[in-house]
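What follows is the residue order along each chain.
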Amino acid sequence: MSFKINKHLNADAQEGSVPDTTGGESAATPKVPEEIMESNETNPTAEMAVETESNIETAVETASVVDMEVKEPVDEKIVTAHDDFDWSVDKRNVTSYSAAETAKYDEVYDNTFKQINDGEMIMATIESLTKTDAVVNIGFKSDGLISLNEFRDMPGGVKVGDIVEVMVVEKEDRAGNLNLSRKSARTTRAWEKIVDVHKTGEIVTGTVTHKTKGGLIVDVFGMETFLPGSQIDVKPVTDYDQFVGKTMEFKVVKINEAIKNAVVSHKALIESDIEAQRAEIMGKLEKGQVLEGTIKNITDFGAFLDLGGLDGLLYITDISWGRINHPTEVLKMDQKINVVVLDFDDDKKRISLGLKQLTPHPWDTLTESLKEGEIVKGKVVNIEDYGAFLEIMPGVEGLVHVSEITWANTPINAKEFFNLNDEYEAKVVTLDKETRKMSLSIKQMTEDPWSTIEVSFPEGSKHNGVVKNITPYGVFVELTTGIGGMIHISDLSWLKRFNNPNEYTKVGNDIDVVIMNIDKEGRKLQLGHKQIEEDPWNTLETAFPVGSEHEGTVVKKDDKGAIVQLPYGLEGFAPARHLAKEDGKSVGIDEVAKFLVIEFDRNDKRIVLSHARLWEAVIEEEKQAVIKEKKADFEQTKKAVKTLQGKVEKSTLGDLSALADIKAKLDSNAADEAASAEEPKGE
């Protein structure tokens, strides 16, 4: 027993031998009385012996108290401080280890902890729970805290002892804490699964959590993905709220690795099912096969039918043998009808359908009573420039050509003559059941008025007609149904010239005409309007003789000249050079001025006028008056000279001087006459 005690004391002494770095007494070193310290200041060995004996005595006393059951004395060997002393401890109480021991102890120490890195996924145990967080143990030197909000998806909530996967966000943040996240771990694992299913094309299940702009947000594997509105169903969806909270199957159609975003589609699953149905239907399709379909969409050009997973197009021309303006006249949405397969394309998955082909063609059921010369009644179903189509019965049409509308030879615009849905009676002109063509005539419903044209409209007779058409060269006038003719532009007026007939009359106006010529074979009438009155040019020559002066107004003007309005509605032409005024300017449009008639042509119905001649004539008269006066002076002087020469027999110097003056004056007068004779006279 005493050995055990001594062993224990020596061990305590070694464990307490920790160097005092502060210079004070070691906490494990027994305190020695001051008297002993003083008496042994010069003997350190004695000091240590005294300290050891004191410790032994204390230990013996302690052992006596503890080991009360020991009755017989035991021989004990007194142990000194040097017997069990570890001499490897230096004076500073530091133990030295070899390199192998140090490596062994480091390995033992490191194995007690896990080595982790930022971003690492690791399994963790819930150690305890607080009101807001869960204390999580991952086997690191410290535990981490995770908000309870990250465990809301767990059924029944999180409990102590649960093992969950977390992500190491930071081994040590600014505060020295371990930062963990279960949400990041779930998102990472979810993204890995989404990437995998995108590669494999696997179908996933997700829950629509809420609506967003342009679509829905779907929770797939705990990660939010986007479901565009166009990918919800094969049919257009307007109410997105009906899908919120629903669990549906989806296919991942697009991912973005950079921002970790995924797009899912429910429509793709439906289309894949439909595609399988399409393949099955397409494999059984044959031309002429009759199928039942449901009308799913109606457009201007036809209707789309659902044939049980495969769409077909029924063109408007294949709906009815008769003409229809819009498919809604025959079909309705969601209506079930039987159709026949006209054609299909395996590659493009296109099917052309027909409805009218289920009934016989109306041309094949025409009665024998319908033949050429028969009178039929039809409705206008189409109008073209060359004529109109009349529907005799659904699917049977005849063409009324523009030449068969009226007996008149004047051009007729079919689009102005006919109106859609108007009904007409017509005569069957030609009928070909093989080519399914029929020509009709409206004008043959009445007698040809040209057969008695000479009696009804003899040459020279006057009539009243209606202007039906105007061309740059004339006016077409209808006198009665089927009878009409043309008035040439030159036959509209005796006095005025027109650039276009519409300056004189308009379509729809009444106009009086005279039958000037009849072409029975060509079915043409030459009409005149100005011939209603006598030719005023026979009497105008006396009112507007050449040289007469009249007041006129310029109504038109161009580079060649101007049209001048004269009295009695007559128009004359003034060349540009004859419009000059005395001040150097020219007579302007709408200006009133005096004009001189310089030409009158009754045959060509032409009057030429001049304004310049008026003031030029005045100037010419003044010049002629001056010349006449000078000529009179010359004659008088000449006469005086002759008289003087007869009286004077001899010349004197003074007489010679006077004669020289007279001669100079005569020469001057002669020169003036010559100059006047050389000046050009105006036209």
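Here, the structure is the one placed above.
Just so it is clear, the structure is predicted and the values come from calculations on it, not from any experiment. (Residues numbered from 1 in each chain as written. Predicted model: local features only at pLDDT ≥ 70, side-chain atom pairs only at ≥ 80, totals over all residues. Heavy atoms only, no water.)

Caption draft 1: Region of the structure containing the side chain of His550. By the element assignment, His550 lies in strand β26 (residues 549–557). Residue class for His550 comes out buried when judged on its relative accessible area of 15%. A polar contact of 2.7 Å, which involves the side chain of His550, links it to the side chain of Ser548. Those residues in contact with His550, other than ones at most four positions away along the chain, are Ala543, Phe544, Leu566, Ala593, Lys594, Phe595 and Val597. (Helix = DSSP H or I, 4+ residues; strand = E, 2+ residues; numbered from the N terminus. Buried < 20%, exposed > 50% of the residue type's maximum accessible area, 1.4 Å probe, protein only. Polar contact = N/O pair within 3.5 Å; in protein donor to acceptor, adjacent residues only side chain to side chain. Contact = heavy atoms within 4.5 Å.)

Caption draft 2: Spatial organisation of the sheet that holds strand β21 (residues 462–471). With respect to topology, five strands assemble into a closed barrel ordered β21-β22-β23-β25-β24, the strand pairing being mixed. Between one strand and the next, the sheet's axes are offset by a mean angle of 50 degrees, whatever the strand orientation. Where strand β23 (residues 483–488) lies against strand β25 (residues 524–528), two bridges are found, and the strand directions are parallel. Among the inter-strand pairings, Met486 is bridged to a residue of β25, identified as Gln526. (Pairing = 2+ DSSP bridges. Axes fitted to C-alpha atoms, helices over the stretch in contact; angles between N-to-C directions.)

Caption draft 3: Spatial organisation of the packing of aromatic side chains. Going through the model one piece at a time under the given rule, you end up with six aromatic pairs. Relative to Tyr504, the ring of Phe498 has its centre 5.4 Å away and its plane inclined at 55 degrees; by these criteria the two rings are tilted. Classification of Tyr504 by relative accessible area gives partly exposed; the value is 36%. Of the aromatic side chains, those joined through ring pairs into one cluster are Phe417, Phe418 and Tyr424. In this structure, Lys193 packs its charged tip against the face of Phe221, placed 5.4 Å from the ring centre. Above the ring of Phe389, the side-chain terminus of Arg323 is found at 5.5 Å from the ring centroid. (Phe/Tyr/Trp six-rings, centres within 6.5 Å; stacked < 30°, edge-to-face > 60°. Lys NZ or Arg CZ within 6 Å of the ring centre and 35° of its normal.)

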